[in-house]
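The lines below spell out each chain.
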Amino acid sequence: FPELGIAAAVGFEQGLVKRFHLVANALETVPVILDCLGDDIIGQALTDEAIAKIAKAAEESVRPVKNTNLPPSYRKAMTRVFTQRALRDIQALA
């Protein structure tokens, strides 16, 4: 069974964020849609500071259930790391 999955998609126009989608999966009984965490960066660049803020908010937004061998607290903390990685990968391609 999966421990954690993060899916991110960002649409850009002229280097600025036009669309933002973020989903955390395998933490709760259903995927958690976190699109609202990108509301503040629509029309702005995807900066390192914005990524850090969104990743922290993602960690705070999820409530992992005890359904795997890894403790929920670890999976919650790793949500920040996985979100940062996903958004940095997107940032590098923008």
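Residues numbered from 1 in each chain as written. Predicted model: local features only at pLDDT ≥ 70, side-chain atom pairs only at ≥ 80, totals over all residues. Heavy atoms only, no water.

Observations regarding the overall build of the protein chain
Convention followed: For helices the rule is a DSSP run of H or I covering at least 4 residues; for strands it is a run of E covering at least 2, with both sets numbered from the N terminus onward. Our radius of gyration is a C-alpha quantity, and the globule rule it is checked against amounts to 2.2 Å times the number of residues to the power 0.38. Buried means the residue's accessible area, taken with a 1.4 Å probe over protein chains only, is under 20% of the maximum for its type, while exposed means over 50%, and partly exposed covers the values in between. Whether two residues are in contact is decided by their heavy atoms: any pair within 4.5 Å suffices. For every accessible area listed, the method is Shrake-Rupley and the probe measures 1.4 Å; residues are considered covered only by the protein chains on display. Neither His nor the chain termini are counted; the positive set is Lys and Arg, and the negative set is Asp and Glu. A single reference atom marks each charge: NZ on Lys, CZ on Arg, CG on Asp, CD on Glu.
Of the regular secondary structure elements, the protein chain holds two helices and three strands. Here the C-alpha radius of gyration of the protein chain, 13 Å, is about what a compact globule of 94 residues would show, namely 12 Å. With the principal axes as the frame, the protein chain shows a C-alpha extent of 45 × 20 × 20 Å. Counting over 94 residues, the protein chain shows a buried share of 35%. A separation of at least 24 residues holds for 51% of the contacts in the protein chain among residues at least 6 apart in sequence. Just so you have it, the protein chain exposes about 5700 Å², and 55% of that area is on carbon and sulfur atoms. Between the averaged position of the 11 positive side-chain charges in the protein chain and that of its 11 negative side-chain charges there is a distance of 5 Å.

What to know about the side chain of R75
This is how it is decided: Whenever two N or O atoms come within 3.5 Å, that pair is a polar contact, provided that in protein one can donate a hydrogen and the other can accept it, and provided that, for residues adjacent in sequence, both atoms are side-chain atoms.
Among the structural elements, R75 can be located in helix α2 (residues 72–93). Of note is the side chain of R75, whose polar atom sits 2.8 Å from the backbone oxygen of V65. With residues near it in sequence (within four places) discarded, R75 still touches E3, L4, A26, L27, P64, V65, N67, T68 and L70.

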